[in-house]
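# Observations on chain architecture
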Amino acid sequence: MKVIDVHAHLGDDCVFDHHITEEDLLNGYRNTPVDGAIVQPSLPRFSLKANQEIHDRIAAFCQCKNIKFWGMASIYPHFTEEEYRREAYRCVKELGFVGLKLTPIGHAVNPESKDGMFAFSVADELGVPMMVHTGSGIPFSDPLKVLKAAKAFPNLKIVLAHAGMGMFTHQAIYMAKICPNVYLEPSWVGIFDTREIYREIGAKKMIFSSDHVNNVPVELKKYESIIPAGDLGWVLGKTAQEVFSI
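On a predicted model such as this, the values are computed, not experimentally measured, just so you know.

So, on to the sheet that holds strand 7 (residues 130–133). As summarised here, the arrangement of the five strands in space is 5-6-7-8-9, forming an open sheet in which the pairing is parallel. On the outer flanks of this sheet lie strand 5 (73–74) and strand 9 (182–185), each paired with one strand and no other. Relative to strand 6 (residues 100–102), strand 5 runs parallel, the two sharing two bridges. Looking at strand 6, one finds that A73 is bridged to L100.

Our focus in this paragraph is a nonpolar patch on the surface. Nonpolar side chains collect at one region of the surface, where V15, F16, F46 and I105 lie side by side and expose about 320 Å² of accessible area between them. Along the polypeptide, I105 turns up in helix 4 (residues 104–107). Accessibility expressed as a relative area gives 32% for I105, which makes it partly exposed.

A full pass over the atoms with the stated rule returns six aromatic pairs. Pairing Y29 with F69 gives two aromatic rings, centres 6.0 Å apart and planes at 55°, and the pair type is tilted. You can see Y29 sitting in helix 1 (residues 22–29) and its partner F69 sitting in strand 4 (residues 68–71), a full 40 residues away along the chain. The pair formed by Y29 and F69 is uniform in burial state, with each residue classed as buried. On the basis of an interplanar angle of 70° and a centroid distance of 6.1 Å, the ring pair of Y84 and F118 is categorised as edge-to-face. A residue pair is termed long-range when its members are at least 10 positions apart, and Y84 in helix 3 (residues 81–94) and F118 in helix 5 (residues 114–126) qualify at 34 residues. For the pair Y84 and F118, one class covers both residues: buried. Ring pairs connect the aromatic residues Y29, F61 and F69, which therefore count as one cluster. Across the ring face of Y183, the terminal group of K205 is positioned such that the distance to the ring centre comes to 5.5 Å.

What follows deals with the sheet that holds strand 2 (residues 19–20). Spatially, four strands are ordered 2-1-3-4 in an open sheet, and the strand pairing comes out mixed. Looking at strand neighbours, the two that pair on one side only are strand 2 and strand 4, the edges of this open sheet. Relative to strand 3 (residues 36–41), strand 1 (residues 4–12) is paired through five bridges, and the arrangement is parallel. Residue L10 lies in a different strand from strand 3, and its bridge partner there is P41. Relative to the sheet, helix 10 (residues 229–244) contacts strand 1 and strand 3, its axis offset from that of strand 1 by approximately 70°.

With respect to the helices and strands, P33 occurs in the loop between helix 1 and strand 3. Assessed through its relative accessible area of 48%, P33 is described here as partly exposed. Put simply, P33 and M1 are 32 residues apart on the chain and 9.4 Å apart in space, counted from C-alpha to C-alpha. Those residues within four positions of P33 in sequence are excluded, and the remaining contacts are V3 and L220.

Conventions adopted
- Residues numbered from 1 in each chain as written.
- Predicted model: local features only at pLDDT ≥ 70, side-chain atom pairs only at ≥ 80, totals over all residues.
- Heavy atoms only, no water.
- Pairing = 2+ DSSP bridges.
- Helix = DSSP H or I, 4+ residues; strand = E, 2+ residues; numbered from the N terminus.
- Patch = residues over 30% accessible without salt bridge, like charges linked within 9 Å, V, L, I, M, F, W, Y side chains within 5 Å.
- Areas by Shrake-Rupley, 256 points an atom, 1.4 Å probe, with all protein chains shown as cover.
- Salt bridge = Lys/Arg side-chain N within 4 Å of Asp/Glu carboxyl O.
- Buried < 20%, exposed > 50% of the residue type's maximum accessible area, 1.4 Å probe, protein only.
- Phe/Tyr/Trp six-rings, centres within 6.5 Å; stacked < 30°, edge-to-face > 60°.
- Lys NZ or Arg CZ within 6 Å of the ring centre and 35° of its normal.
- Contact = heavy atoms within 4.5 Å.
- Axes fitted to C-alpha atoms, helices over the stretch in contact; angles between N-to-C directions.

Put into structure tokens, the structure is as follows:
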């Protein structure tokens, strides 16, 4: 059974003030059953140069042979449309990244806004999933803010990171139920709400992640305690492989 962590971070975060190094990731995954991870930037300074530098750093890290890593681009959505599209295309077409990320609380963006919708349109053009932070960051991080994009781009796979983080979990469940292209990644969601997600949408729309590598053992134990063995493989790896084409 493959175990894939679809939400890991690398770099210095100027919004949440955390710092994660390559060594932190390698040491954190050591002695865990994780076979691979999708690595995205910690939120860098809001300059195109800073975005490019952390993407290049992730691309270099993905060459590591200890464990399989893939990159995910996180681009400030208030750059010009030309700048956003150019960096997204560079990350996917040249660096081999497998998705884009939108963080409403960190990017100061409403997913329904012009800039937010443009980001979704670029992911749709590229044929890669868009992961969207949900939960903390009212009002823009309400999962229902993604409904407009999910309807506008029905072929675009959208992953709701943190599945509403408890406070908006029922909204996240609703989104996953009415939108065939929406999947839930319930890191930091409690056992009760995670069990509710499983009962409502099933394992094939759930994706395992840690968000922070030291959270891997906790998240694994959570799923192992509530997901039947026959479905556990979907949550821990198969859904991720299908959604991200990895």
